[in-house]
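So you can see what is in the structure, the chains are spelled out below.
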Amino acid sequence: WKRSRLEGHGVVLREVESTDLDRLRAWRNHPEGRRWFFTHQEITADMQLAWFNRYLRAGNELLYVIESPEGKAIGTIGLCGIDRSQGTAELG
């Protein structure tokens with residue numbers, strides 16, 4: 001189950017697209033963001049693209065860009081490890 005766009009509570013969630021990859025990588029590589037990840041290394045464009053392709057194939061993850069009502073990207077939110085039979089997932 002996927003929805004490409006969700007709206008409510010003053011924000012819009014829209015599914016990540018390939019055009020978001022540069023922005024996501026910049027956020028991920030920022031020192032304040034990088035420190036929260038398991039791997040602290042800087043992510044290259046090729047690494048980001050490989051991740052995105054794995055995400056698309058996996059089918060058990062949902063990743064959204066959080067936008068302001070004006071359309072400005074302000075963050076991301078996702079569910080991974082979705083197990084529909086158990087009704088569980090990890091939020092990130």
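Residues numbered from 1 in each chain as written. Predicted model: local features only at pLDDT ≥ 70, side-chain atom pairs only at ≥ 80, totals over all residues. Heavy atoms only, no water.

K.L.:
Explain the layout of surface pockets to me, please; I cannot follow it from the model alone.
P.N.:
Think of a ball as big as a water molecule: rolled over the atoms, this probe shows where empty space is left. Considered as a void within the structure, the largest pocket measures approximately 730 Å³ in volume. Surrounding the largest pocket, 22 residues form its lining, Arg28, Phe37, Trp51, Leu63 and Thr76 being those nearest its centre. Of all the secondary-structure elements, those providing two or more residues to the lining of the largest pocket are α1 (21–29), α3 (45–58), β3 (62–67), β4 (73–83) and β5 (88–91). Its residues placed into classes, the lining of the largest pocket shows 13 nonpolar, 5 polar and 4 charged. (1 Å grid on protein atoms, 1.4 Å probe; cavity = no way out; pocket = protein on both sides within 12 Å on 5 of 7 lines; lining within 4 Å. Points joined across faces, edges and corners; volume = space filled by probe spheres on them. Helix = DSSP H or I, 4+ residues; strand = E, 2+ residues; numbered from the N terminus. Nonpolar A, V, L, I, M, F, W, Y, C, P; charged D, E, K, R; others polar.)

K.L.:
It is not clear to me how α1 should be interpreted in this structure. Could you clarify?
P.N.:
One turn of an α-helix holds 3.6 residues; hence residues three or four places apart share an orientation. Those residues of α1 not exposed but buried are Leu21, Leu24, Arg28 and Asn29. Buried residues of α1, viewed axially, fall in a sector of 125°; they line one side. (Buried < 20%, exposed > 50% of the residue type's maximum accessible area, 1.4 Å probe, protein only. Arc of directions from axis to C-beta.)

K.L.:
What's the story with the sheet that holds β5 in this structure? I'm lost.
P.N.:
Backbone-to-backbone hydrogen bonds pair the strands of a sheet. The strands run either parallel or antiparallel. An order of β1-β2-β3-β4-β5 is seen for the 5 strands of this open sheet, with the pairing classed as antiparallel. Taken across any chain shown, the strands that pair with only one partner, and hence form the sheet edges, are β1 (5–8) and β5. Along the sheet, successive strands turn relative to each other by an average axial angle of 25°, direction set aside. Of the strand pairs in this sheet, β4 and β5 are connected by 3 bridges, and their pairing is antiparallel. Counterpart to Leu79 in the pairing with β5 is Leu91. (Pairing = 2+ DSSP bridges. Axes fitted to C-alpha atoms, helices over the stretch in contact; angles between N-to-C directions.)

Coordinates in, geometry out; function isn't part of it.
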